[in-house]
Amino acid sequence: MPVAALKRYIPLLFVLLWSTGFIGARFGLPYIEPFNFLFIRMLVTLLVFLGLVLAFHAAWPGPRQALHQMVVGSLVHAGYLGGVFAAIDWQMPAGVASLIVGLQPLLTAVLAWVVWRQRLLPLQWLGLVLGLLGVALVLAGGNRLGQFDLNAPALISVLIALVAISLGTLYQKHFGQGVNLLTGSFYQYLATALWMGLLTWMFETGEVDWQPELIGALAWLVLGLSVSAILLLLLMIREGEASRVASYFYLVPPVTAIEAWLLFDEQLGALALLGVGVTVSGVYLVLRRQAASS
């Protein structure tokens, strides 16, 4: 199969991998505090990426680009993951956290329009709105939506995650070009490990209950998310407009809902299924102009 044809499947694979992040958090967080969970995950990830860098003889960036990559890591990994994991640990349902960070495509598109004048057609704005509506329908049709107490720390944490990954996507697009994906990711995870180590030292006890569920979740989050999904995300950012890449995140909550149904027997109602269709339609509208011009 030609390389150009294989590229078509990268977004699908990315969505499938990225959607498992909430599942991994659900498996692991009962046995470890969130920042320490991410700190250990980043240390293991750094070892994996160091091995990949040495194996493929990847070129290291200069000091300026290394600093840019550390800024990206602070936003896309430390800010986003730290915010989401903390929110779930503070009893925010994963579905609600997913809905709030699902606002990222709208926020990214608005930021790109305001800061860099990246133009979006009216049909694409409609697609972004439809995507948000579809995510809301999916979660409204899920189990136990609304049966929780929304506390301030959880809400602040997930909003930090939303803003961080939106800014990080734009920052990588405009300041992170021309860097090898392996060495660039190494510096991103180095920054994240530093942040998570600091937060663990400041706010957590460091206690860990090494159960099989935690070990399995940690292994998957490193190999499936921190390695595979992030490399795909950075590749898509390099190849496409920031708002186009961000639109794929609309597919994550519906796919996560399907995975939760398969793994935990959480039922999908008719309203949730309708939301899946609306979300896919919204993503199609956002991508339509780029597909026609490519």
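Residues numbered from 1 in each chain as written. Predicted model: local features only at pLDDT ≥ 70, side-chain atom pairs only at ≥ 80, totals over all residues. Heavy atoms only, no water.

(A) Quick peek at the overall build of the protein chain. What the protein chain contains, in helices and strands, is 14 helices and zero strands. Listing each helix as α and each strand as β along the protein chain from the N terminus yields α-α-α-α-α-α-α-α-α-α-α-α-α-α. Counting across all 294 residues of the protein chain, residues that qualify as buried make up 50%. The long-range fraction of contacts in the protein chain, counting pairs at least 24 apart against all pairs at least 6 apart in sequence, stands at 92%. (Helix = DSSP H or I, 4+ residues; strand = E, 2+ residues; numbered from the N terminus. Buried < 20%, exposed > 50% of the residue type's maximum accessible area, 1.4 Å probe, protein only. Contact = heavy atoms within 4.5 Å.)

(B) Representation of a nonpolar patch on the surface within the structure. Together, Phe-27, Ile-258, Trp-261, Leu-262 and Leu-263 give the surface a local cluster of nonpolar side chains, amounting to about 480 Å² of exposed area. Take the nonpolar patch: its biggest share by element is four residues, from helix 13 (residues 252–264). Examined against the element boundaries, Ile-258 turns out to sit in helix 13. (Patch = residues over 30% accessible without salt bridge, like charges linked within 9 Å, V, L, I, M, F, W, Y side chains within 5 Å. Areas by Shrake-Rupley, 256 points an atom, 1.4 Å probe, with all protein chains shown as cover. Salt bridge = Lys/Arg side-chain N within 4 Å of Asp/Glu carboxyl O.)

(C) Local environment of the packing of aromatic side chains. Applying the stated criterion across every chain, the model contains eight aromatic pairs. Feature note: the residues Phe-14, Trp-18 and Tyr-80 constitute an aromatic cluster, connected by ring pairs. (Phe/Tyr/Trp six-rings, centres within 6.5 Å; stacked < 30°, edge-to-face > 60°.)

(D) Region of interest: helix 10 (residues 181–203). For helix 10, built from 23 residues, the straight-helix expectation of 33 Å at 1.5 Å per residue is met to within 8% by its first-to-last C-alpha distance of 32 Å. Looking at where helix 10 begins, the residue whose side-chain oxygen comes 2.8 Å from the main-chain nitrogen of Leu-182 is Asn-180. (Expected span 1.5 Å × (residues − 1). Polar contact = N/O pair within 3.5 Å; in protein donor to acceptor, adjacent residues only side chain to side chain.)

(E) Region of the structure containing the confidence of the model for the protein chain. Of the residues in the protein chain, 82% have a pLDDT of 70 or more, and the chain-wide mean is 80. In the model of the protein chain, helix 1 (residues 3–7) stands out as the element of lowest mean pLDDT, 56, in contrast to helix 10, which has the highest, 94. Counted against residues more than four places away or in other chains, residues 143–148, with its pLDDT under 50, gives seven contacts. (pLDDT = per-residue confidence, 0-100.)

(F) The arrangement of empty space enclosed by the protein in detail. Evaluated as defined, the whole model comprises two cavities of 30 Å³ or more. Put simply, the largest cavity is a space of about 120 Å³. Residue lining of the largest cavity: Trp-18, Gly-21, Phe-22, Arg-41, Tyr-80, Leu-81, Val-84, Phe-85, Leu-221, Leu-225 and Ile-230, and that is the complete set. The set of elements that each furnish at least two residues to the lining of the largest cavity consists of helix 3 (20–28), helix 5 (63–89) and helix 11 (212–239). Sorting elements by how many residues they give to the lining of the largest cavity places helix 5 first, with four residues. Residue classes in the lining of the largest cavity are distributed as nine nonpolar, one polar and one charged. (1 Å grid on protein atoms, 1.4 Å probe; cavity = no way out; pocket = protein on both sides within 12 Å on 5 of 7 lines; lining within 4 Å. Points joined across faces, edges and corners; volume = space filled by probe spheres on them. Nonpolar A, V, L, I, M, F, W, Y, C, P; charged D, E, K, R; others polar.)

(G) View of the nonpolar core. Residues Phe-14, Trp-18, Phe-37, Tyr-80, Val-84, Phe-85 and Met-92 are the most contacted members of the largest nonpolar core, which totals 60 residues. For this core, the element with the most residues is helix 11, which contributes 14 residues. (Core = buried A, V, L, I, M, F, W, Y, C linked by side-chain atoms within 4.5 Å.)

(H) Structural view of unusual backbone geometry. Here His-57, not a glycine, exhibits a phi torsion of approximately 50°, which is positive. Mapped onto the fold, His-57 is located in the loop between helix 4 (34–56) and helix 5. The exposed category is assigned to His-57, whose relative accessible area is 70%.

(I) Up close: the packing of helix 4 against helix 10. Helix 10 packs onto helix 4 with a crossing angle of 160° between their chain directions and a minimal axis gap of 8 Å. Relative to helix 10, helix 4 is oriented roughly antiparallel. At the point where helix 4 passes helix 10, the crossing takes the left-handed sense. Considered class by class, the residues forming the contact of helix 4 with helix 10 number 18 nonpolar, seven polar and no charged. (Axes fitted to C-alpha atoms, helices over the stretch in contact; angles between N-to-C directions. Parallel < 35°, antiparallel > 145°, perpendicular 65-115°, else oblique. Left-handed = near helix turned anticlockwise from the far one by under 90°.)

(J) The arrangement of the environment of Leu-75 in detail. With respect to the helices and strands, the residue Leu-75 is situated in helix 5. Separated by 92 residues in the primary sequence, Leu-75 and Leu-167 place their C-alpha atoms 7.0 Å from one another. Leave out the neighbours within four places in its chain, and Leu-75 touches Tyr-80, Ala-164, Ile-165, Leu-167 and Gly-168.

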